[in-house]
Amino acid sequence: CKASERKSRSSKAEPRNRGVAKEKTLECGQIVWGLAFSTWPAAEAGGTEPVCAVGLPCLILATGLNDGQIKVWEVQTGHLLFSLLGHQDVVRDLSFAPNGSLILVSASRDKTLRVWDLSRDGRQVQVLSGHVQWVYCCSISPDCSMLCSAAGEKSALLWSMRSYTLIRRLEGHQSSVVSCDFSPDSALLVTASYDTCVIMWDPYTGEQLRTLRHVPLHSALDYSSEVHTSSLRSVCFSPEGLYLATVADDRLLRIWALELRSPVAFAPMTNGLCCMYFPHGGFIATGTRDGHVQFWTAPRVLSSLKHLCRKALRTFLTTYQVLALPIPRKLKEFLTYRTF
């Protein structure tokens, strides 16, 4: 594998001491199906790590490939850090633990998820088996306690990131679950399915809290009335946890407010496959089948003091711990997102 850099055509006229725009290519040698970024901790003086400059963290990128390999790169230099071997088929999705521990989870068409520890030379920690179809989505909760995985099945699987055991099956969809995401405080989990619905779950109890149905907007669209025109492709939470974005086959990007049952904004798009919020809010990126990434402005919001308090509490309290608090019932319902 090679890493190449190409300077822009105007770079020759630029002074050498000035920054020059570059295009960087990581030659993986295979079709790339999944990507995930993380940071490698800063190297210590006298350390043997060849990756990072002393005192500076560096950006790493994991790539899931068509032949089942996972290649992990140091982005700035293009240096190949690891080639992780174990999967027997396409690596469809990747997710780093948000706490910077360098734990990586991979989802594959070989019907397994695998857990890798890059801080231990890329050692394979665990193989998670339980799906009977291709696994193509995985999401680690922000508090790093849970992992959700989706395959071509009507149920999503919820795993413990502490014991790497199955916690429960989330059953409620009528068709394949294709996407999943946790809220920023880990108190909510959303799953999207080909059945045109997004289900909002309490991951601690397995309770369904709300269903968002993607009803076609006939006045805005021009297509024949097919059964699966509103099949979901992707769902994601906004960074503050007050909005959801969804992409469906009915050629619409929808934005939902957490406490409303109908979308608050629409955007026409074709061939949509995935969506992701900018980490600081305000923008959404969508990927399409025809090879484009599009950017959209999203509603900006100032979180209420109530929501900020709930988010802060739910970051370290489970649903069961909230229900055990000696506080009024209505406050418990608010803290557990049961006041929709």
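Residues numbered from 1 in each chain as written. Predicted model: local features only at pLDDT ≥ 70, side-chain atom pairs only at ≥ 80, totals over all residues. Heavy atoms only, no water.

The following threshold applies: UniProt positions are given in the numbering used here, feature names are shortened, and annotations may be inferred rather than shown by experiment.
Going by an unreviewed UniProt entry, the protein chain carries the name WSB2 protein and comes from Brachypteracias leptosomus. Under the heading Pathway (unreviewed entry), UniProt records this for the protein chain: "Protein modification; protein ubiquitination."

1. Observations regarding the side chain of Arg210
The criterion, for reference: In this text, helices come from DSSP runs of H or I with a minimum length of four residues, and strands from runs of E with a minimum of two, each type numbered from the N-terminal end. Think of it in three bands: residues with accessible area under 20% of the maximum for their type are buried, residues over 50% are exposed, and the middle band is partly exposed, with areas taken using a 1.4 Å probe on protein chains only. In this tally, Asp and Glu contribute negative charge and Lys and Arg positive charge; neither His nor the terminal groups of the chain are included. A carboxyl oxygen of Asp or Glu within 4 Å of a side-chain nitrogen of Lys or Arg is what we treat as a salt bridge. Distance and chemistry together define a polar contact, namely a pair of N or O atoms within 3.5 Å, with one atom able to donate a hydrogen and the other to accept it when in protein, and with adjacent residues in sequence counting only for side-chain atoms on both sides.
Along the chain, the position of Arg210 falls in strand 18 (residues 207-213). For the buried Arg210, no salt bridge exists, and the shortest N-O distance to an oppositely charged side chain is 7.3 Å, to Glu259. From its side chain, Arg210 meets the backbone oxygen of Leu258 in a polar contact 3.4 Å long. Within the structure, the side chain of Arg210 is placed 3.3 Å from the backbone oxygen of Leu260, a separation counted as a polar contact.

2. Notes on the packing of aromatic side chains
Quick note on the threshold: Only the six-membered ring of Trp is used, alongside the rings of Phe and Tyr, when aromatic pairs are assigned; centres must lie within 6.5 Å, and planes under 30 degrees apart are stacked while those over 60 apart are edge-to-face, with the rest tilted. A positively charged side chain is recorded as over a ring if its NZ (Lys) or CZ (Arg) lies within 6 Å of the ring centre. The angle to the ring normal must also be within 35 degrees.
Under the counting rule described, the total for this entry stands at two aromatic pairs. Over the aromatic face of Trp33 sits the side chain of Arg109, whose NZ or CZ is 4.5 Å from the ring centroid. Geometry around Trp134 places Arg109 over its ring, the cationic atom sitting 4.2 Å from the centre.

3. Side note on the UniProt feature "repeat: WD" (unreviewed entry) in the protein chain
UniProt's feature table lists "repeat: WD" (unreviewed entry) at residues 61-83, 84-119, 128-169, 170-211 and 225-259, given in the numbering used throughout. For residues 61-83, helix accounts for 0% and strand for 65%, while the C-alpha atoms at its two ends are 12 Å apart. Taken end to end, residues 84-119 has its terminal C-alpha atoms 13 Å apart, with 0% of it in helix and 53% in strand.

4. Observations concerning the sheet that holds strand 24 (residues 283-288)
Formally: Two strands qualify as a pair provided that DSSP identifies no fewer than 2 bridges between them. As a rule, the C-alpha atoms of each element are fitted with a line to give its axis, helices using only the stretch in contact, and angles between N-to-C directions run from 0 to 180 degrees.
Taking strand neighbours across the sheet as the criterion, the three strands line up as 23-24-25 in an open arrangement whose pairing is antiparallel. Because the sheet does not close on itself, it has two edges, and the strands there are strand 23 (272-277) and strand 25 (293-297). For this sheet, the mean angle separating the axes of adjacent strands, direction not counted, is 25°. Here strand 24 runs beside strand 25; their pairing, made up of five bridges, is antiparallel. Opposite Gly287, over in strand 25, you have Val293 as the bridge partner.

5. With respect to the side chain of Asp195
Cut-off, in case you're wondering: Contact definition: two residues touch when any of their heavy atoms are within 4.5 Å.
Note on placement: Asp195 falls in the loop between strand 16 (189-193) and strand 17 (197-202). For the buried residue Asp195, which engages in no salt bridge, the nearest side chain bearing the opposite charge is Arg213, 6.9 Å off. Within the structure, the side chain of Asp195 is placed 2.8 Å from the backbone nitrogen of Gln174, a separation counted as a polar contact. Ignoring anything within four residues of it in the chain, the contact list for Asp195 reads His173, Gln174 and Ser175.

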